[in-house]
Amino acid sequence: MKTLVMKFGGTSVGNAEAIRKTADIIRSAHTDWPRLVVVASAMSGVTDALLKGAHTAAEGDAAAFRSIARDLRNKHFAALDNLLKDSALLQKPRSVVEAYVAEFESLCHAVNVLGEASARALDAISSLGERMSIQLIAAYLNSTGLKAEPIESTELVVTDANYQSANPNADLTRAHTQARLNPLLDSGVVPIVTGFIGATPQGIVTTLGRGGSDYSGALLGVALDADEVWIWTDVDGVMTTDPRIVPAAQTLPELTFREISELAYYGAKVLHPKTIRPVIEHGIALWIKNTFNPSQPGTRIVRDNGHGGVIKAVTVIRGQSMLTVEGRGMLGVPGVAARTFGAVAHAHTSVSLITQASSEQSICFTVPAASTPTVVTALQDEFRRELEQQNIDAVIALENVVIVTAVGAGMRHTPGIAGRIFTALGTHGINVIAIAQGSSECSISLIVDAKDADEAVRAIHRLIVS
Ligand code: ADP
Ligand code: ASP
Ligand code: MG
């Protein structure tokens, strides 16, 4: 029998009204898909609030998390009271929410006493949002007559202990997921599963990284050999750019796996970048749809469709620094590139992109702004001798830059496209600091000053939608 996994994002479960819309979609899908799994995010704003509680507690503030706890309780209770009129049905979700709010307070208290929040503690705290939201959704669905059961994905998704960005173990996740969910699916129950979180084999809670509920949807789709995964969000699908930057952005009916991978990697928040690979590798159909406009078809992600050669979308990653290792003596020093990226990796930083060096005498790449000091120090340590001998002149950090990326299959091999992008930026007086080597032929990335970010996106977007 066919299996569908549907993931609902934070705004789709952000208040009682949104949960009603989500529930309508679930009920209607269940008539076509008897084997239906729902993956849910925390209510919008909740993960941010939980993390803020943890960080303020670590910084010595013993009051902020208490007021955040009150807000979280109110938010969940207000939605529950609105959704459930029968007090008998209210009891269980209310007591679970109450218990998790209390857990939040006691974890934050511990962090406050210790004066630091470890990655493991941050995961324990930030996991609470999803563990509360599934209670609301499941209780409401049950009240409408659909059999639903809240399931914490700590029981399903087995990960390593790389807190805050844990890596799932596919075999164990498959075994646990099938053992736990198949009996429910066989009896027509809809599991309402937490997105975002997993657990180590020892049972310690982990998270898959911010925005990771999309990835959870993909992981469960693979684990259950699902036919389709539908990502429900608050826009009509993947758009030509972030509609918050360009309100005239248009929905794309179709994108290839490679195009959506580039878009997600280069900052389009609509889909977590890790979602795509497991889904492609298992031939699962992937759709992005709007909870608040479900009659729209959304965006279908397809294998190569042969319509290459045009710019389809533009995206931006903010908060970057561009680092340059340069020196005329570098040509004679063996292994500079390997040592450069080795030092960056040692500083636990991932490089967003490597740029086209203006000469062979420098290596340029970008890292997130917050990692800049650590990476610069790591590079100075690595190249201490070369710097002393002046084979390397300097390690330079250019701060406040962004990466703007134009995406479209085959674009890089289509004559004239790069030229049109540069002309568009030039006409708007935007200086391109560097051009980046994308990881595939699907994209062209440019580094520009942070103050030019939105204007650069708008200028390139005009080449897509005029
Ligand atoms: P959810 O909570 O449903 O996971 P997110 O906020 O993570 O939703 O992602 C959806 C948001 O992504 C949209 O509201 C939109 O502002 C933003 N976004 C950025 N780039 C794009 C794009 N190219 N297409 C669609 N949405 C985009
Ligand atoms: N709630 C988590 C976050 O805000 C995961 C998600 O929404 O995808 O990052
Ligand atoms: Mg998201």
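Treat the numbers as computed from the prediction; the structure is a model and nothing was measured. (Residues numbered from 1 in each chain as written. Chains lettered and ligands numbered in written order. Predicted model: local features only at pLDDT ≥ 70, side-chain atom pairs only at ≥ 80, totals over all residues. Heavy atoms only, no water.)

> Would you explain the overall build of the protein chain in this entry?
A count of helices and strands for the protein chain gives 15 helices and 16 strands. Computed over its C-alpha atoms, the radius of gyration of the protein chain comes to 24 Å, within 12% of the 23 Å expected for a compact globule of 466 residues. With respect to the principal axes defined by its C-alpha atoms, the protein chain has extents near 75 × 55 × 40 Å. Buried residues in the protein chain amount to 54% of all 466 residues. Across the protein chain, every contact between residues at least 6 apart in sequence was considered, and the portion connecting residues at least 24 apart equals 77%. The distance from the centre of the 39 positive side-chain charges to the centre of the 46 negative ones in the protein chain is 4 Å. (Helix = DSSP H or I, 4+ residues; strand = E, 2+ residues; numbered from the N terminus. Rg over C-alpha atoms; globule rule 2.2 N^0.38 Å. Buried < 20%, exposed > 50% of the residue type's maximum accessible area, 1.4 Å probe, protein only. Contact = heavy atoms within 4.5 Å. Lys, Arg positive; Asp, Glu negative; His and termini not counted. Charge placed at Lys NZ, Arg CZ, Asp CG, Glu CD.)

> I would appreciate a short explanation of the site of ligand 2 in the present structure.
Close contacts around ligand 2 come from Ser-41, Thr-47, Glu-130, Phe-196, Arg-210, Gly-211, Gly-212 and Ser-213, and that covers them all. Ser-41 has a polar side-chain atom sitting 3.2 Å from an oxygen atom of ligand 2. At 2.8 Å, a backbone N or O of Gly-211 approaches an oxygen atom of ligand 2. A total of 260 Å² of accessible area belongs to ligand 2 in isolation, and the protein chains cover 86% of it. Residues of the shell around ligand 2, tallied by class, amount to one nonpolar, five polar and two charged. (Near = heavy atom within 4 Å. Polar contact = N/O pair within 3.5 Å; in protein donor to acceptor, adjacent residues only side chain to side chain. Areas by Shrake-Rupley, 256 points an atom, 1.4 Å probe, with all protein chains shown as cover. Nonpolar A, V, L, I, M, F, W, Y, C, P; charged D, E, K, R; others polar.)

> It is not clear to me how the sheet that holds strand β1 (residues 3-8) should be interpreted in this structure. Could you clarify?
In a beta sheet, neighbouring strands pair by backbone hydrogen bonds and run either parallel or antiparallel. The strand order β3-β4-β2-β1-β7-β9-β10-β8 describes an open sheet built from eight strands, whose pairing is mixed. Strand pairing shows two members of the sheet lacking a second neighbour, β3 (148-151) and β8 (254-256), which therefore form its edges. For this sheet, the mean inter-axis angle between neighbouring strands, taken without regard to orientation, is 20°. In the sheet, β8 pairs with strand β10 (residues 299-302) via three bridges, with the strands oriented parallel. Directly across from Thr-256, in β10, lies its bridge partner Val-302. Its contacts with the sheet place helix α7 (residues 170-186) against β2 (35-40), β3 and β4 (190-194), and it is angled at close to 125° to β2. Contacts from helix α9 (residues 257-265) reach β8 and β10 within the one sheet, and its direction differs from that of β8 by about 85°. (Pairing = 2+ DSSP bridges. Axes fitted to C-alpha atoms, helices over the stretch in contact; angles between N-to-C directions.)

> How should the layout of surface pockets be read in this particular structure?
Rolling a probe over the atoms, with the probe sized like a water molecule, indicates the empty space that remains. Counted as a void, the second largest pocket has a volume near 320 Å³. Lining the second largest pocket are 15 residues; nearest its centre among them are Ala-170, Leu-219, Val-222, Pro-278 and His-282. Sorting the residues of the lining of the second largest pocket by element identifies α7, α8 (213-223) and α10 (276-281) as the ones contributing at least two each. Here the lining of the second largest pocket is built from residues that sort into seven nonpolar, three polar and five charged. (1 Å grid on protein atoms, 1.4 Å probe; cavity = no way out; pocket = protein on both sides within 12 Å on 5 of 7 lines; lining within 4 Å. Points joined across faces, edges and corners; volume = space filled by probe spheres on them.)

> Any chance you could explain the environment of Leu-146 here in plain terms?
Mapped onto the secondary structure, Leu-146 falls in the loop between α6 (128-143) and β3. Along the chain, Leu-146 and Asp-71 lie 75 residues apart, while their C-alpha atoms are 30 Å from each other. Dropping the residues within four chain positions of it, Leu-146 is found in contact with Arg-27, His-30, Leu-141 and Val-190.

> Whenever I open this one, the nonpolar core confuses me. Can you help?
Within soluble globular proteins, side chains that are nonpolar tend to cluster in buried spots. Of all hydrophobic cores here, the largest spans 57 residues; its most connected members are Met-6, Phe-8, Ile-26, Phe-104, Leu-141 and Ile-192. By residue number, the principal contributor to this core is α6, which donates nine residues. If near-sequence neighbours (up to four positions away) are discounted, Met-6 is found in contact with Ile-25, Ile-26, Ala-29, Leu-36, Val-37, Val-38, Val-39, Trp-230 and Trp-232. (Core = buried A, V, L, I, M, F, W, Y, C linked by side-chain atoms within 4.5 Å.)

> How should the site of ligand 1 be read in this particular structure?
Taken together, 16 residues form the shell around ligand 1, and within it Gly-10, Thr-233, Asp-234, Met-239 and Lys-269 come nearest. The contact in question runs from an oxygen atom of ligand 1 to an N or O atom on the backbone of Gly-10, over 3.0 Å. Computed on the free molecule, ligand 1 has an accessible area of 570 Å², of which 89% lies beneath the protein chains in the complex. Residues that form the shell around ligand 1 fall into these classes: six nonpolar, five polar and five charged.

> Just to check I follow, could you spell out the sheet that holds strand β15 (residues 432-436) for this structure?
What the six strands build is an open sheet, ordered β12-β13-β11-β14-β16-β15; its pairing is antiparallel. One side of each edge strand has no neighbouring strand; the edge strands of this open sheet are β12 (353-354) and β15. Here strand β11 (residues 313-326) runs beside strand β14 (residues 394-407); their pairing, made up of 11 bridges, is antiparallel. Residue Met-322 lies in a different strand from β14, and its bridge partner there is Leu-398. Of the strands in this sheet, β11, β12 and β13 (362-368) are in contact with helix α11 (residues 336-346), which crosses β13 at around 15°. On the sheet, helix α15 (residues 453-464) packs against β11, β14 and β16 (443-449) and is oriented at approximately 130° with respect to β11.

> I tried to follow the pairing of β16 on my own but got confused; where do I start?
On a regular strand, each side chain points to the face opposite its neighbour's, so the side chains alternate between the two faces of the sheet. For β16, a buried count of six out of seven residues is recorded, marking the element as mostly surrounded by other parts of the structure. Taken together, the seven bridges between β14 and β16 define a ladder with antiparallel strand orientation. Bridged to Thr-405 within β16 is Ser-445.

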